[in-house]
Amino acid sequence: MGTVGQNYKNGALRVSIRGGLVLLAAAALVSGCARPAGTDATRQRPLQAPPGPAAELQADKTVIRTARLRAERARLATARRWGLRSAPLVAPPAPVTKPRITTRDGFEVDGHEEKGLPPVFTTVPTDKKIVFLTIDDGAEKDPAFVRMMSELRIPYTAFLSDYLIKDDYGYFRKMRDRGVVLDNHTLHHPYLPALSYARQKHEICGMQDVIERHYGKRPALFRPPYGNYNEDTLRAAKSCGIRYAPIWNEEVFVDHWEYREWDRELHPGDIVLSHFRGREDWKGTMTDMVRRFLDKVTAEGYAVARLEDYL
């Protein structure tokens, strides 16, 4: 019956004994319903309602915040281990719809668009504060550089020349295994406009063959050595399966930056160039170059994104 809120006291219920009769109904009432509320016979524990959607959502948010905090602490510890001033920023997710890539004004060759030649560009159209790191040739093979980029999870694109990588194809295979895309920078790094169409095609298609043979995939990206090209260059590149010819808007060295633009500033979507170089050519190592690069872009609020994710 549950708690009924009644309290039967002694004498409150009168029982007549006249004629030896007992009011059995009253007795039954006393025995059956007059137990004080809360006794073992009547006590029932209220059921605990399951957590509602709001409670579950709050718990999920707490778990997410905790995971993010741990990840940030880990990133900061890794950054400090590599001598960075602060942890690199994380790039936003790649766009579902890729931006339309066109040749930069003033960088066209005759009939560029009409002939469907690979676009030449220095910046990817985006309003996100991201830049793209690209590294050329392959002369220096610094194991610390591969570890640093892997531990910091910094994406980059390598443009390789065979005459510089053939003494250690395995070094660049380690990069590929870590998700780095290996692209085409010709067989011998010549000044292409001085060559005939046939020789340019040999330099570009020959490097396509090298990369496919050693790394399993023909590149879609080609960077002309020194950033120099003519119509024959882009025609040859297209015939070899090249879709894009990115060059750069800034170049970073161990001890300084160089800029294409007059304002000498980073811009959203800029492509940054560096090289596989070490102490023989620079006043420092590749990890020193990465520190200079990351300290600047991070301080200015930029993250490093993967170029191929935007093409």
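Not measured: the values here are computed from a predicted model.

Caption draft 1: Seen up close, the side chain of Gln200. For Gln200, the position within the fold is in helix H6 (residues 197-215). Separated by 3.4 Å, the side chains of Gln200 and Asn230 make a polar contact. A polar side-chain atom of Gln200 sits 2.4 Å from a polar atom in the side chain of Thr233. Apart from residues lying up to four places away in sequence, Gln200 is in contact with Leu192, Pro193, Leu195, Asn230, Asp232, Thr233 and Ala236.

Caption draft 2: Representation of the nonpolar core. With 45 residues, the main nonpolar core has Phe145, Phe172, Met175, Phe276, Phe293, Leu294 and Val297 as its most contacted residues. Mapped by element, the contributors of at least two residues to this core are strand E2 (130-137), helix H3 (143-152), strand E3 (157-160), helix H5 (169-177), H6, strand E7 (257-259) and helix H8 (286-299). Among the elements that line this core, the one with the most residues is H8, at 6 residues. Each residue touching Leu294, except ones within four places of it in the same chain, is listed here: Leu84, Pro88, Leu152, Ile154 and Val304.

Caption draft 3: Representation of the state of the cysteines in the model. Using the criterion set out here, one finds 1 disulfide in the structure. Each sulfur in the disulfide pair Cys205 and Cys240 lies 1.7 Å from the other. Sign of the S-S torsion, about -95° for the bond between Cys205 and Cys240, identifies this disulfide as left-handed. Pair noted here: Cys205 is in helix H6 and Cys240 is in the loop between helix H7 (231-239) and strand E5 (245-246), with a separation of 35 residues, a long-range link.

Caption draft 4: Structural view of the packing of aromatic side chains. For the coordinates displayed, the defined rule picks out 8 aromatic pairs. Consider the rings of Tyr171 and Phe172, whose centres lie 5.0 Å apart with planes at 85°: the pair is edge-to-face. By the burial criterion, Tyr171 is buried, and Phe172 matches it. Between Trp257 and Phe293 the ring centres are 6.0 Å apart and the planes differ by 20°, which places this aromatic pair in the stacked class. Highlighted residues: Trp257 in strand E7 and Phe293 in helix H8, separated in sequence by 36 residues. By relative accessible area, Trp257 is classed as buried at 9%. In textbook terms, an aromatic cluster arises when at least three aromatic residues are bridged by ring pairs, as seen for Phe145, Tyr156, Tyr171, Phe172 and Phe276.

Caption draft 5: Fine view of the environment of Asp232. Inspection of the secondary structure assignment puts Asp232 in helix H7. Expressed as a C-alpha distance, the spacing of Asp232 and Val109, which sit 123 residues apart in the sequence, is 9.4 Å. Setting aside anything within four residues of it in sequence, one finds Asp232 in contact with Tyr197 and Gln200.

Caption draft 6: How the structure looks around the pattern of salt bridges. Following the criterion strictly, the structure yields 15 salt bridges and no others. Taking the shortest distance from any N to any O, the salt bridge between Arg277 and Asp137 comes out at 2.7 Å. In this pair, Arg277 sits in the loop between strand E8 (270-275) and H8 while Asp137 sits in strand E2, placing the two residues 140 residues apart along the sequence. Owing to a relative accessible area of 2%, Asp137 belongs among the buried residues under this scheme. Across the salt bridge formed by Glu300 and Lys296, the nearest N and O atoms sit 2.8 Å from each other. Assessed through its relative accessible area of 33%, Glu300 is described here as partly exposed. Shared partners join several salt bridges into a network, and the residues in it are Asp209, Glu212 and Arg218.

Caption draft 7: A look at H3. Among the residues of H3, those classed as buried are Ala144, Phe145, Val146, Met148, Met149 and Leu152. If you check the start of H3, you find a side-chain oxygen 2.9 Å away from the backbone N of Ala144, and it comes from Asp142. Trailing H3 by a residue or two, Arg153 shows a phi angle of about 60°, which is positive.

Criteria and cut-off values
- Residues numbered from 1 in each chain as written.
- Predicted model: local features only at pLDDT ≥ 70, side-chain atom pairs only at ≥ 80, totals over all residues.
- Heavy atoms only, no water.
- Helix = DSSP H or I, 4+ residues; strand = E, 2+ residues; numbered from the N terminus.
- Polar contact = N/O pair within 3.5 Å; in protein donor to acceptor, adjacent residues only side chain to side chain.
- Contact = heavy atoms within 4.5 Å.
- Core = buried A, V, L, I, M, F, W, Y, C linked by side-chain atoms within 4.5 Å.
- Buried < 20%, exposed > 50% of the residue type's maximum accessible area, 1.4 Å probe, protein only.
- Disulfide = S-S within 2.5 Å.
- Phe/Tyr/Trp six-rings, centres within 6.5 Å; stacked < 30°, edge-to-face > 60°.
- Salt bridge = Lys/Arg side-chain N within 4 Å of Asp/Glu carboxyl O.

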